[in-house]
Amino acid sequence: MIETILAQLVNGLVIGAVYSLIAVGLTLIWSIADIPDFAQGGIYTFAAFAAYFTVTLLHFPYFFSLVVAVITGTLLSVTIEKVCYRPLRGSPFSQLLVAIALFFLLANLAIFLWTPKAKILPSPLEGIILNFAGFSVSLQRITVIAAAFALFIAVNFLLKRTKLGKAIRATAQDPETATLMGINRDFIYTVIFALGGCLTAIAAALIAPLYAVYPEMGTLPLLKALVVVVFGGMGSFIGALAGGFLLGLIETFGAIYVSVAYQHGFAFIILILTLIFKPGGLFGRS
Amino acid sequence: MLKITHFLKSKKTWFYILISLLLIALPFMVSEYITYVVVLTLFYAMIVSSYDLLLGYAGQLSFCQGAFYGIGAYASALFSIKAGFPVYLSIPLSVVITALVAAGVGYPALRLRGAYFAVTTFFLAHFVYLIFLNEVWLTNGPLGLRGIKPLEALGGIDFSSTTNYYYLVLVCFAASIYILYRTANSNLGKMFISVREDEDLAESFGINTSLYKLVAFVISALVAGIAGGLFAHFFRLLHPSTFTWLTSEMVVIMTLVGGIGTIFGPLIGASVVMFILEFLRFAPELRFVIWAVALIIILIYEPRGLVGLVERIRRVKR
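Residues numbered from 1 in each chain as written. Chains lettered and ligands numbered in written order. Predicted model: local features only at pLDDT ≥ 70, side-chain atom pairs only at ≥ 80, totals over all residues.

Caption draft 1: Spatial organisation of the overall build of chain B. Of regular secondary structure, chain B possesses 15 helices and zero strands. At 20 Å, chain B has a C-alpha radius of gyration in line with the 20 Å of a compact globule built from 318 residues. Here chain B holds 318 residues, and 48% of them are scored as buried. Considering only intrachain contacts with a sequence separation of at least 6, the fraction spanning at least 24 residues in chain B is 77%. (Helix = DSSP H or I, 4+ residues; strand = E, 2+ residues; numbered from the N terminus. Rg over C-alpha atoms; globule rule 2.2 N^0.38 Å. Buried ≥ 20, exposed ≤ 12 C-beta atoms within 10 Å, placed from the backbone. Contact = placed C-beta atoms within 7 Å.)

Here it is in structure tokens:
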């Protein structure tokens, strides 16, 4: 009994780490650029495939594939911002439509290129099992959680302690005044999209060995990360963090104690409840 | 009298008469397969033109038309299979259910604006898909719902033939387009536009914006429900994968390709998209890729879609 609960706790934290990683990037992009960047779902898939091909085709070690995934994700995210979102700046309606069209495009492009079949990304960490007083867990799972926390500390440092972070926060607060103070808005947008793509790619490459690599793998994590952004409070770093882990835990425990079939439906219920009772989100203003 | 002569002199009138005659004569001119594709196109045409009322007039972006299509289809099929109702009763009942679901979800969701609302409807579409997939006792899950009765013969007309069913769908299509067109050009349509243009301003004039948004949402769901019901007894096999978020996305693509806020534009969009999809059947994923790219290009360069493109060409000619 206690083993099951502990095992599910670890699973919940692993899934939660993925949601949080994507949500942190999304909440930055959504609050600053005013785009719910659905394209991150496609970036997630493409980053995982980049990692997969680095390991299986080029026979590089798994750790190197993480780097390739991050480069792929970051470049893709920045390119999308430059080519698709920038010409439409000022009309959030069209940007939202383009974001969803990109999500649709990348998912179908992945099916077209690599067929819907699920693929396995081998990782040396998955084979190492750690034992804590009779309770065992693979090193890969520990790595996902640890890496997520390390990244959150790094992002927090970037936002709170550096000059660049100050510029990002200033743009979030008041884009016009920030521009008047000499902050290059285009550059800030590039930075937040790069950051978002980077976090999404790391999440994808870290979790891929635990599940599988397939074209539609990005759909559900993306939708859940969007819910986390609303649930945690728009633009709130800590909200995205806490909301992601909370949703991960609710899903894994809900799957055991409520219903496995509707594991992916809990987020919808949370979304509706948040919107009715606390539209500002857990850590949101208002 | 003057009105009638004006009506007859207008080029537009003759264009519509020509289109109507073509649609009526269609089953005699083309193969049964093409007729079949046209019936499917008409379902989508109904969905997109009603969706245009929501997107183009009331300015609300939603991603769950596929779900309403599915609810209409499954509800009607289940009423006729499990309860043994005649199809003439099961389709109206399914439409009522679709409208109730839309009102139930739309009421809390429409208090949100723009992207929040869009994300919520996206999730609704996924949730409905999960119900179709998982409630095996009701929907037969991933095996698909089989043995759906065709529409009962009425006055000696057998509706199990594609041609006869085509005429029935055509009548429903024409009626719904007429009603939608009248609604869009009525006071109600003006209210929708006021919500689209500036919600805060509309509210300050005493317009109950949440109510009008809800009305637009329910109308669009209702027509999608009718199309769904008609689809169920035409195709006679329902599978959850027909009603995923991809279906909703295709509805959005068709509407935008045609040109929003025109009711007729999306009809052109639906026909063009459906027929090109049929022709590219040999490469199923590639066709979605093509349409997604087309949508992005349209949004960046010609946000008014095909209607806007036609107008632009006309202006260049002059």
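Now that the structure has been shown, the text picks up again.
Caption draft 2: Here's a closer look at the overall build of chain A. Broken down by element type, chain A carries 11 helices and two strands. Ordered by position from N to C terminus, the α and β elements of chain A give α-α-α-α-β-β-α-α-α-α-α-α-α. For 286 residues, the compact-globule estimate of 2.2 N^0.38 gives 19 Å, and chain A sits close to it at 19 Å. If one aligns the C-alpha atoms of chain A with their principal axes, the spans along those axes are about 60 × 45 × 35 Å. Counting across all 286 residues of chain A, residues that qualify as buried make up 52%. Long-range pairs, those at least 24 residues apart, make up 76% of the contacts in chain A between residues at least 6 apart in sequence.

Caption draft 3: Summary view of the packing of helix α11 (residues 266–277) of chain A against helix α6 (residues 114–134) of chain B. The interhelical angle for the contact between α11 of chain A and α6 of chain B, taken along N-to-C directions, is 145°, at an axis separation of 10 Å. α6 of chain B is crossed by α11 of chain A, and the crossing has left-handed handedness. Residues Phe 268, Leu 271 and Leu 275 of chain A of α11 of chain A touch α6 of chain B, and the partners they reach there are Thr 120, Phe 123 and Phe 127 of chain B. When the residues that make up the contact of α11 of chain A with α6 of chain B are grouped by side-chain class, the tally is five nonpolar, one polar and no charged. (Axes fitted to C-alpha atoms, helices over the stretch in contact; angles between N-to-C directions. Left-handed = near helix turned anticlockwise from the far one by under 90°. Nonpolar A, V, L, I, M, F, W, Y, C, P; charged D, E, K, R; others polar.)

Caption draft 4: Structural context of the interface of chain B and chain A. Taken together, the contacts link 28 residues of chain B with 31 residues of chain A. Listed by contribution, the elements that provide at least two residues to the side of chain B that touches chain A are α6, α12 (245–258) and α14 (284–301) of chain B. Residues that form the side of chain B that touches chain A fall into these classes: 22 nonpolar, four polar and two charged.

Caption draft 5: A look at α6 of chain B. Taking 1.5 Å as the rise per residue, α6 of chain B with 21 residues should run 30 Å; its terminal C-alpha atoms sit 31 Å apart, in good agreement. Among the 21 residues in α6 of chain B, 15 count as buried, and that is most of the element. (Expected span 1.5 Å × (residues − 1).)

Caption draft 6: Spatial organisation of helix α11 (residues 209–235) of chain B. All names here are of chain B. With 27 residues, α11 should reach 39 Å at 1.5 Å per residue; the first-to-last C-alpha distance of 39 Å fits that figure. Most of α11 sits inside the fold, with 24 of its 27 residues counted as buried. Just downstream of α11 lies Arg 236, where phi reads positive at about 60°.

Caption draft 7: Seen up close, the nonpolar core. In terms of nonpolar packing, the biggest core is built from 204 residues, with Ala 48, Ala 51 and Leu 102 of chain A touching the most fellow members. For this core, the element with the highest residue contribution is α11 of chain B, accounting for 17 residues. Ignoring sequence-local partners within four residues, the contact set of Ala 48 of chain A consists of Ala 69, Ala 204, Ala 205, Ala 208, Val 213 and Met 217 of chain A. (Core = buried A, V, L, I, M, F, W, Y, C linked by C-beta atoms within 7 Å.)

Caption draft 8: The packing of helix α5 (residues 139–161) of chain A against helix α6 (residues 163–173) of chain A, seen in detail. Residues and elements named next belong to chain A. The interhelical angle for the contact between α5 and α6, taken along N-to-C directions, is 75°, at an axis separation of 5 Å. With respect to α6, the element α5 is oriented roughly perpendicular. Contacts between α5 and α6 involve Leu 158, Leu 159, Lys 160 and Arg 161 from the first element and Leu 164, Gly 165, Ile 168 and Arg 169 from the second. Here the contact of α5 with α6 is composed, by residue class, of four nonpolar, one polar and three charged. (Parallel < 35°, antiparallel > 145°, perpendicular 65-115°, else oblique.)

Caption draft 9: Looking closely at the environment of Ala 99 of chain B. All names here are of chain B. Structurally, Ala 99 is set in helix α5 (residues 87–109). Taking the C-beta count within 10 Å as the criterion, Ala 99 has 21 such neighbours and is therefore assigned buried. It is 9.8 Å that separates the C-alpha atoms of Ala 99 and Ile 71, two residues lying 28 residues apart in sequence. Filtering out sequence-adjacent residues up to four positions away, Ala 99 remains in contact with Val 218, Ala 221, Leu 222 and Gly 225.

Caption draft 10: Main features of unusual backbone geometry. Residue and element names in this part refer to chain B. Not every positive phi belongs to a glycine, and Arg 236 is a case in point at roughly 60°. One can find Arg 236 in the loop between α11 and α12. Its identity as a non-glycine residue notwithstanding, Ile 263 has a phi of 60°, on the positive side. Assessed through the 23 C-beta atoms surrounding it within 10 Å, Ile 263 is described here as buried.

Caption draft 11: Molecular detail of the environment of Phe 135 of chain A. All names here are of chain A. With respect to the helices and strands, Phe 135 occurs in strand β2 (residues 135–138). C-alpha of Phe 135 to C-alpha of Asp 34: the two residues are 101 residues apart in sequence and 45 Å apart in space. Apart from residues lying up to four places away in sequence, Phe 135 is in contact with Glu 3 and Leu 6.

Caption draft 12: Examining the environment of Tyr 165 of chain B more closely. By the secondary structure assignment, Tyr 165 of chain B is in helix α8 (residues 162–184). Sequence-wise, Tyr 165 of chain B and Leu 230 of chain B are 65 residues apart; in three dimensions their C-alpha atoms are separated by 9.2 Å.

Any link to function would need more than the numbers given here.
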